[in-house]
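Chain and residue survey
Below, each chain spelled out in residue letters.
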Amino acid sequence: MKYRVLAVAAMAVATSALVGLGRPAETGLRGATGGKVLIGTAIMSNQLDDPKLAELIAREFNCITGENEFKPESVERVKGQFTFAGADKILAFAEAHDMKMVGHCLLWHNQTPRWMFASDDGKPLPREQGLANLKEHIDAVMGHFKGRIVGWDVVNEAIDDNPANYLRDTPAKRSIGDDYIEKAFEFAASADPNAQLYYNDYSNEGKSKLERTIKLIRALKAKGLRIDAVGMQGHWLLAGPSAQEIDGAISAYAAEGVKVMITELDVDPIPRGGGAEVTAMQKSGANPYANGFPPDMQEKLAKRYGEIFAVLAKHKADISRITFWGTHDGTSWLNNWPVRGRMNHALLWDRDMKEKPAYAAVLEQLKKFGAP
Ligand code: G3I
């Protein structure tokens, strides 16, 4: 009897030790951070059907953003009819791998069905109808995921690219009015009080958009609304923006009492104009690396990612998340923007999911987040 008791006790100890080891050791980029910053990627749910890619995502990242499947067009294409299958699949994967889930996005001028803010003939809906549609959308979507999303891009890309204007002329603005952003943050705060609330945009490290984004942050706070972080998308180039510009912008946003997130990071090695206005397509353009990405370009990309992450590490107290917009080069939106069907090489892994030199450059700087 005595030996049986000992055997059961030994099993219990072994089991508890295994359970304690149940969580995978922190590996890859996520391991380097010491848990001090969220390091994420943007994915489509069908990418999880590739076991090698799924394993890479779980090994390297502690945060996921749905690239498209949480957007209004995906979840409520038809008013009142919700489709969450793709988003639920991504969320289930995140929860199974101890990863935070970011909701992108509740309100944007792209990928939002016309019915939300305009009638069939394109005329803006009356303010009250636009507000009702927006609130019902936010209540339903945030309600569906309540308590399981670390934070939402409540409004995406609302500041106009034209420095002469403040807000972009969007269907929501035309229907509701200039206070549509405040209303979106008000609705989101009540729909899931535990979710962080973000404003997300591109090129907002540049002086003009930076100033107008700060104006927006102050306006939201003046109305007593909560904004937890500003998203700098980070669709950057080899040539810019400069480390100094990124550095200054992070300092300026942090001074407003919000966290800073780099929400859609990629570094485009193919020369283009700045920005990320997805409707700004070009009919044709250079496709210089269609047959591969040469060693000298790999080194330039690594140097640029190292430079960017050195600035981010300097601001480790201000930065709460860094998300890449895609995982390996074959998943990048930049293969189809601003020119459809190009071969781009903007991320840390190549199409065979082999680490590029840029990976080591990022890993080295990320370790500074976990250092004392
Ligand atoms: O789902 C349809 C599919 O049914 C159809 O067969 C296929 C054929 O074209 O299109 C599919 O929709 C595509 C969608 O991605 C899902 O793959 C759209 O055409 C395509 O335009 C859309 O592109 C997305 C883009 O946002 C749309 O505006 C990109 O994947 C996505 O990376 C990009 O992400 C945005 C952020 O949300 C906001 N910041 C800028 C960033 C880059 O534009």
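First, a word on what this report is: a plain description of the structure on this page. (Residues numbered from 1 in each chain as written. Predicted model: local features only at pLDDT ≥ 70, side-chain atom pairs only at ≥ 80, totals over all residues. Heavy atoms only, no water.)

**Looking at the pairing of strand β3 (residues 100–107)**
Burial analysis of β3 places seven of its eight residues in the buried class, the great majority of the element. Sheet topology places strand β2 (residues 63–66) next to β3; three bridges connect them, and they run parallel. Note that in β3 the partner of threonine 65 across the bridge is valine 102. Of the pairings in the sheet, the one linking β3 to strand β4 (residues 151–156) comprises four bridges and is parallel in character. Residue pairing in the sheet places histidine 104 in a bridge with aspartate 153 of β4. You can see the chain leave β3, run along helix α6 (residues 127–144) and come back into β4, and the turn it takes is right-handed. (Buried < 20%, exposed > 50% of the residue type's maximum accessible area, 1.4 Å probe, protein only. Helix = DSSP H or I, 4+ residues; strand = E, 2+ residues; numbered from the N terminus. Pairing = 2+ DSSP bridges. Right-handed = clockwise from strand over helix to strand, strands pointing away.)

**Comments concerning the environment of leucine 134**
Looking at the element boundaries, leucine 134 is found in helix α6. If we skip the residues at most four places from it in the chain, leucine 134 touches Leu107, Phe117, Ile176, Tyr180, Ala184 and Phe187. (Contact = heavy atoms within 4.5 Å.)

**Describing the site of the ligand**
Lining the immediate environment of the ligand, one finds 15 residues, of which Glu67, Lys71, His104, Glu157 and Glu264 sit closest. The separation between a nitrogen atom of the ligand and a polar side-chain atom of glutamate 264 is 2.7 Å. Protein coverage of the free-state accessible area of the ligand, which is 790 Å², stands at 56%. The residue inventory of the shell around the ligand, partitioned by class, reads five nonpolar, six polar and four charged. (Near = heavy atom within 4 Å. Polar contact = N/O pair within 3.5 Å; in protein donor to acceptor, adjacent residues only side chain to side chain. Areas by Shrake-Rupley, 256 points an atom, 1.4 Å probe, with all protein chains shown as cover. Nonpolar A, V, L, I, M, F, W, Y, C, P; charged D, E, K, R; others polar.)

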